Amino acid sequence: MSENTGDQTTFRFQAEINQLMSLIINTFYSNKEIFLREIISNSSDALDKIRHESLTDSSVLESEPKLFIHIIPDKENKTLTIRDSGIGMTKADLINHLGTIARSGTRQFMEALQAGADVSLIGQFGVGFYSAFLVADRVVVTTKHNDDEQYIWESAAGGTYTVLRDTEGPQLGRGTSITLFLKEDQTEYLEERRLKELIKKHSEFIGYPISLQVEKEVEREVTDEETAEEKPEEEKPENEDEPEVEKEDKEEKKKKTVKEIKSELEVVNKTKPIWTRDPKEITHEEYASFYKSLNNDWEDHLSEKHFAVEGNIEFRALLFTPRRAPFDMFEPKKKTNNIKLYVRRVFIMDNCEDLIPDYLNFVRGVVDSEDLPLNISREHLQQNNILKAIQKNLVKKCLEMFNEIAENKDDYKTFYDAFAKNLKLGIHEDSKNRDKIANLLRYYTTKSPDEYVSLRDYVDRMQEGQEDIYYITGESKQAVQNSAFLEQCKKRNYEVIFMTDPIDEYAVQQLKEFDGKKLVCVTKEGLKFKESEDEQKQKEEKKAKFEPLCSLMKEILGDKVEKVVVTDRLNESPCCLVTGEHGWSANMERIMKAQALRDSSTHVYMASKKTMEINPDNAIVRALREKTENKSADKPVKDLVWLLYDTALLSSGFTLEEPQQYASRIHRMVAIALEAEDTEDSMVDDVDQTEEPEEDNSAAELMESID
């Protein structure tokens, strides 16, 4: 919505931006100084854009050849002006970027603020310009783009802003000037000392000269005549016009020194780009300062890797590992990486998809190549062999950096808690570096439920006779810690890895083995333990002894299970349900069912047929075999078999297909146990309703036998 008043047009802010400004203006934040960092960062981006354009068309710089950022405080008018000679904005840009388009980060930033996040996060959400209203009542933006006239954008954050063509003010040539009319209590940002401190703190490594207008006291020699000329006419003495003695004319005119206040621009960020310096000469504080200015982060980085590659290709790089994962790390529309690409200190782009693989998109830093052409296009970058060589080196150095972090247990826990998903995604995607990434993985286990264990540590402490690496997948550590599938492994003192992250299911499909040891899932078929001849003989005897019960249970359960077999993976529990070795596990089936956009047809051929495994040493299973040895399955037996199946579904990580039927069976068993009078009336046979309900006495006997 807009209103025209002559040449001036008034617009209403888009709703979300209006809410954001209201939140910034009406809430107290102690960290208001970040406004300058955000505006300078935007100016730097504008200069990057015009510099990039000039690589293919040098004429774009004719309107203003110099690239600069000027900061001009005006104590008299209580204004602070930030002027750059960047690309500038057209009238459409002013409306779109500063008022009407709701950027995706606007709402997310407001939610983060309301949840207690620090206001200094604003730059990460793409709405840094509005931080100006932390310190200003009114903001005036004057801008000139090569393709448009000069315009003025103005707002006092009252829900509206105006756009006016500037025909009277001084012409910028090209670029943007942002004037902040400071609030009464924010005049500290007009002080030279304070502004220098902020520029050095946040923007020292910006690649363009940042000049601050300062007042300096200078001395100048003047003659008495010049001093007299500067005096007002009325202050001259009465005898000033009288003729002087000829002797005095011949004398040398007397000189004296006077002090004057002079305004001049002083470059503040004189330090050269940090990545071009020798790493040995750079302190941790300098790295931290550069990292913060590069990423709009208020927190120190976790680790850095500063290196140069020479030979067939030459480039310098400085990589950082953050302490926290970004809020939008896996969002599909997110920028693919956070590495800025420079060619001979000239910024090229900050979203080159082929510079680093997706799973390392959390790594920050800069790459400065000596070999890439300055005017290379995105299309040519994708086919450029130099870039592929750079990527290979970056991945190698990233993995080295992570291994260096791993030398400190506390730091690595911080790193792993934030970026474990990325490493597991790397296992899935990066076949060339899979073994190296596998060394970085950490898991909780049955023997170390509260402290991470590496696969290397696991292999080093494997039991004698243990040939495989055992793992279990599930929804949480609590869900798998007491799983029936762990019973036999615990009895044999075999360590089992807990894989409770959904992405573990995908990673383990690619990570078939580690250090020559096969990874085996204890919830799937194919689990075998090393056995003596006596153990094998006993196993065969039990298998033959329980064959009739297995057949009967298969008959009752029908196509719910593929088969019923005797197992040696259980020690205490009566039974469990396992899936095929190459199909989905119960946990994977749960994950796939939760996908909002899943392809239902996939479930048909990927969901494994379930195999029911019974424990021949369990009292329930033994009693069930004895009761069914010489007669067919009656109702209580069928109910017990179905109950065993349903409880196995739950304990094995599956979801109940018919929860109401399960509840009915539980109620019947409770009624039988309590010898309730209406048991006969309430019994409903889920499998065969034509069979007669005999059998209260038989049911009670069976329950007593099991007890």
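Below is a summary of the structure that appears in this document. (Residues numbered from 1 in each chain as written. Predicted model: local features only at pLDDT ≥ 70, side-chain atom pairs only at ≥ 80, totals over all residues. Heavy atoms only, no water.)

Details of the pairing of strand 11 (residues 303-309)
For the record, the criterion: Throughout, exposure labels follow a simple rule: accessible area from a 1.4 Å probe, protein chains only, divided by the maximum for the residue type, with under 20% read as buried, over 50% as exposed, and the rest as partly exposed. A run of DSSP states H or I qualifies as a helix once it reaches four residues; a run of E qualifies as a strand once it reaches two. Both are numbered from the N-terminal end. When DSSP locates at least two bridges between a pair of strands, those strands are taken to pair.
Among the 7 residues of strand 11, 5 are classified as buried, and the element is accordingly described as predominantly covered. Across 7 bridges, the pairing between strand 11 and strand 12 (residues 315-321) is antiparallel. In the strand pairing of strand 12, Val309 is matched with Phe315. Taken together, strand 11 and the strand that follows it, strand 12, pair antiparallel across an intervening segment of 5 residues, in which Gly311 is found at a positive phi of about 135°.

With respect to the packing of helix 16 (residues 502-510) against helix 19 (residues 586-593)
What counts here: In this description, a line fitted to the C-alpha atoms serves as the axis of each element, helices being fitted only across the stretch in contact, and the angle between N-to-C directions of two axes falls anywhere from 0 to 180 degrees. Here the word oblique covers every angle except those under 35 degrees (roughly parallel), over 145 (roughly antiparallel) and from 65 to 115 (roughly perpendicular). By definition, turning the near helix anticlockwise from the far helix through less than a right angle yields a left-handed crossing, and turning it clockwise yields a right-handed one. The contact definition used throughout considers only heavy atoms, calling two residues in contact when any of these lie within 4.5 Å. When residues are sorted by character, Ala, Val, Leu, Ile, Met, Phe, Trp, Tyr, Cys and Pro go into the nonpolar class, Asp, Glu, Lys and Arg into the charged class, and all the rest, Gly among them, into the polar class.
Relative orientation of the contacting elements helix 16 and helix 19 amounts to 120°, with a least axis distance of 10 Å. Taken together, the axis directions place helix 16 and helix 19 in an arrangement best described as oblique. Both helix 16 and helix 19 take part in a crossing whose hand is left-handed. For the pair helix 16 and helix 19, the contacting residues are Pro502, Glu505, Tyr506 and Gln509 in the first and Asn587, Met588, Ile591 and Met592 in the second. For the contact of helix 16 with helix 19, a count of residues per class yields 5 nonpolar, 2 polar and 1 charged.

A few points about the pattern of salt bridges
Quick note on the threshold: Whenever Lys or Arg places a side-chain nitrogen within 4 Å of a carboxyl oxygen from Asp or Glu, that contact is recorded as a salt bridge.
A full pass over the atoms with the stated rule returns 34 salt bridges. A salt bridge links Asp501 to Lys424, with the shortest nitrogen-to-oxygen separation between them at 3.9 Å. With Asp501 in the loop between strand 19 (496-499) and helix 16 and Lys424 in helix 11 (residues 409-429), this residue pair connects regions lying 77 residues apart in the sequence. Take Asp501: its relative accessible area is 13%, and that puts it in the buried class. Residue Lys424 is classed as buried on the basis of its relative accessible area of 4%. Of the charged contacts in the structure, one is a salt bridge between Glu613 and Arg569, with a shortest N-O distance of 2.8 Å. Remark: Arg569 occurs in the loop between strand 22 (563-566) and strand 23 (575-578) and Glu613 occurs in strand 24 (residues 611-614); sequence separation between them is 44 residues. Each of the two residues, Glu613 as well as Arg569, counts as buried. In this structure, a network of salt bridges that share partners links the residues Glu33, Glu188, Arg193, Arg194 and Glu197.

What about the sheet that holds strand 22?
By way of backbone hydrogen bonds, the strands of a sheet pair with one another, either parallel or antiparallel. Strand order in the open sheet formed by 3 strands is 22-24-23, and the pairing between neighbours is mixed. Both edges of this open sheet fall to strand 22 and strand 23, since each of them pairs with a single strand only. Put simply, the sheet's adjacent strands are angled 25° from each other on average, direction ignored. Pairing geometry for strand 23 and strand 24, over 4 bridges, is antiparallel. Across the sheet, residue Leu577 finds its bridge partner in strand 24, namely Met612. Together, strand 22 and strand 24 form the strand contacts of helix 18 (residues 547-557), whose direction differs from that of strand 22 by roughly 155°.

A word on the side chain of Asp368
Mapped onto the secondary structure, Asp368 falls in strand 15 (residues 364-369). Judged by relative accessible area, which is 2%, Asp368 ranks as buried.

Focus: the environment of Ile437
On the secondary structure map, Ile437 appears in helix 12 (residues 434-438). In the structure, Ile437 is positioned 34 residues away from Asn403 in sequence and 9.7 Å away in space, judged by C-alpha atoms. Non-local contacts of Ile437, meaning those with residues more than four positions away in its chain, are made with Tyr359, Leu399, Leu423, Gly426, Ile427 and Asp430.

Some points on the sheet that holds strand 16 (residues 442-445)
Strands sit in the order 17-16-19-18-21-20 across an open sheet of 6 strands; the sheet is mixed. Of all the strands in the sheet, just strand 17 (453-454) and strand 20 (513-514) have a single pairing partner and so form its edges. Here strand 18 (residues 469-473) runs beside strand 19; their pairing, made up of 4 bridges, is parallel. Looking across to strand 19, one finds that Tyr470 is bridged to Val496.

What to know about unusual backbone geometry
Unlike most non-glycine residues, Lys78 shows phi in positive territory, near 55°. Within the secondary structure, Lys78 is located in the loop between strand 3 (69-74) and strand 4 (79-84). When its relative accessible area of 32% is taken as the criterion, Lys78 is described as partly exposed. In this model, Asn493 sits at a positive phi of 65°, which is unusual for a non-glycine residue. With respect to the secondary-structure elements, Asn493 resides in the loop between helix 15 (487-491) and strand 19.

Side note on the side chain of Gln186
So the rule is basically this: In the analysis that follows, any N or O atom pair within 3.5 Å is treated as a polar contact, provided that within protein one partner can donate a hydrogen and the other can accept it, and provided that, for residues neighboring in sequence, both atoms belong to side chains.
Among the secondary structure elements, Gln186 is positioned in the loop between strand 8 (175-182) and helix 5 (192-202). Of the residues examined, Gln186 reaches a relative accessible area of 6% and is grouped as buried. Looking at Gln186, its side chain comes within polar contact range of the side chain of Asp185, at 3.4 Å. With residues up to four places along the chain from it excluded, the contact list for Gln186 reads Lys32 and Val135.

Notes on helix 5
Which entries qualify depends on this criterion: For this quantity, the arc is that covered by the directions from the helix axis to the C-beta atoms.
Of all the positions in helix 5, only Arg194, Leu195, Leu198, Ile199 and His202 are classed as buried. End-on view of helix 5: buried residues confined to an arc of 130°, all on one side of the axis. Exposed residues pointing more than 90 degrees away from the buried face of helix 5 are listed as Arg193 and Lys200. Along its buried surface, helix 5 packs onto helix 2 (34-56), strand 3, strand 4, strand 9 (210-223) and helix 8 (284-295).

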